[in-house]
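Below, each chain spelled out in residue letters.
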Amino acid sequence: MTRGIVTAYDAKKGTGYVQRSEDADRIPFSSRALLGPIPNIGDRVEYNVIGGKIGCRAGVVRPIR
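Remember, it's a predicted structure, so these values are computed and weren't measured experimentally. Every chain is numbered on its own, with residues counted from 1 as its sequence reads. Restriction of local features to residues with pLDDT of at least 70 applies here, the model being predicted, together with a cutoff of 80 or more for giving and counting side-chain atom pairs; totals for whole chains, interfaces and linings are based on all residues. As a rule here, side-chain values cover all heavy atoms of the structure and leave hydrogens and water aside.

### Points about the nonpolar core
Here is step 1: By size, the foremost hydrophobic cluster in this structure holds 11 residues: V6, Y9, V18, I27, F29, A33, L34, V45, Y47, A58 and V61.
Here is step 2: Contact criterion: two residues are considered in contact whenever any of their non-hydrogen atoms come within 4.5 Å of each other. Residues contacting V45, with those up to four places away along its chain left out, are T2, R3, G4, V6, V18, V61, R62, P63 and I64. We call a set of buried Ala, Val, Leu, Ile, Met, Phe, Trp, Tyr and Cys residues a nonpolar core when their side-chain atoms join them within 4.5 Å. Remark: exposure states derive from per-residue accessible area (1.4 Å probe, protein chains only) relative to the maximum for the residue type, with buried under 20%, exposed over 50%, and partly exposed in between.

Written out as structure tokens, the structure reads:
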């Protein structure tokens, strides 16, 4: 699992982005990938990166306590 920070989340759309570090690319995720509460911007999370037809996305996103 990769660790990173939630950089954006839109509750209406159910989508957001996580980023490993400031200089890394942002990776999208959907609310279906969340294991735990809806994240806030700046929350630290663990996630798996999954490749797909349209690019990489975070498949499982869970908060780090």
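### Description of the pattern of salt bridges
Here is step 1: The rule for a salt bridge is simple: a side-chain nitrogen of Lys or Arg has to be within 4 Å of a carboxyl oxygen of Asp or Glu. In this structure the tally under the stated criterion is 2 salt bridges.
Here is step 2: Notably, a salt bridge pairs R62 with E46, separated by 3.3 Å at the nearest N-O pair. In this pair, R62 is assigned in strand β5 (residues 55-63) and E46 in strand β4 (residues 44-52), connecting sequence segments 16 residues apart.
Here is step 3: A relative accessible area of 33% means that R62 is categorised as partly exposed. By definition, any uninterrupted DSSP run of H or I lasting at least four residues is a helix, any uninterrupted run of E lasting at least two residues is a strand, and each is numbered from the N terminus.

### Thoughts on the pairing of β4
Here is step 1: Looking at chain direction, strand β1 (residues 2-10) and β4 are connected through 4 bridges and run antiparallel. Within β4, the residue paired with T2 across the bridge is Y47.
Here is step 2: The criterion for strand pairing is that DSSP finds at least two bridges linking the strands in question. Where β4 lies against β5, 8 bridges are found, and the strand directions are antiparallel. Note on β5: the bridge partner recorded for I50 is R57.
Here is step 3: Once β4 ends, the chain turns through 2 residues before running back antiparallel as β5.

### Concerning the environment of I5
Here is step 1: Tracing the backbone through its elements, the reader meets I5 in strand β1.
Here is step 2: Spatially, the C-alpha atoms of I5 and V18 are 5.4 Å apart, while their sequence positions differ by 13 residues.
Here is step 3: Look past the residues within four positions of I5 in its chain and what remains in contact with it is Y17, V18, Q19, G42, D43 and R44.

### Concerning the sheet that holds strand β3 (residues 26-30)
Picture the strands of a sheet paired through backbone hydrogen bonds; they go either parallel or antiparallel.
Here is step 1: On the basis of which strands lie adjacent, the open sheet formed by 5 strands has the order β3-β2-β1-β4-β5 and antiparallel pairing. Looking at which strands have only one partner, the edges of the open sheet turn out to be β3 and β5. Direction aside, the axes of adjacent strands within the sheet are offset by 45 degrees on average.
Here is step 2: Two strands pair when backbone bridges link them, and strand β2 (residues 15-19) and β3 are joined in this way by 5 bridges, in the antiparallel orientation. When the sheet's bridge partners are listed, V18 is paired in β3 with I27. Orientation is described by axes fitted as lines to C-alpha atoms, over the contacting stretch for helices, and by angles from 0 to 180 degrees between their N-to-C directions.

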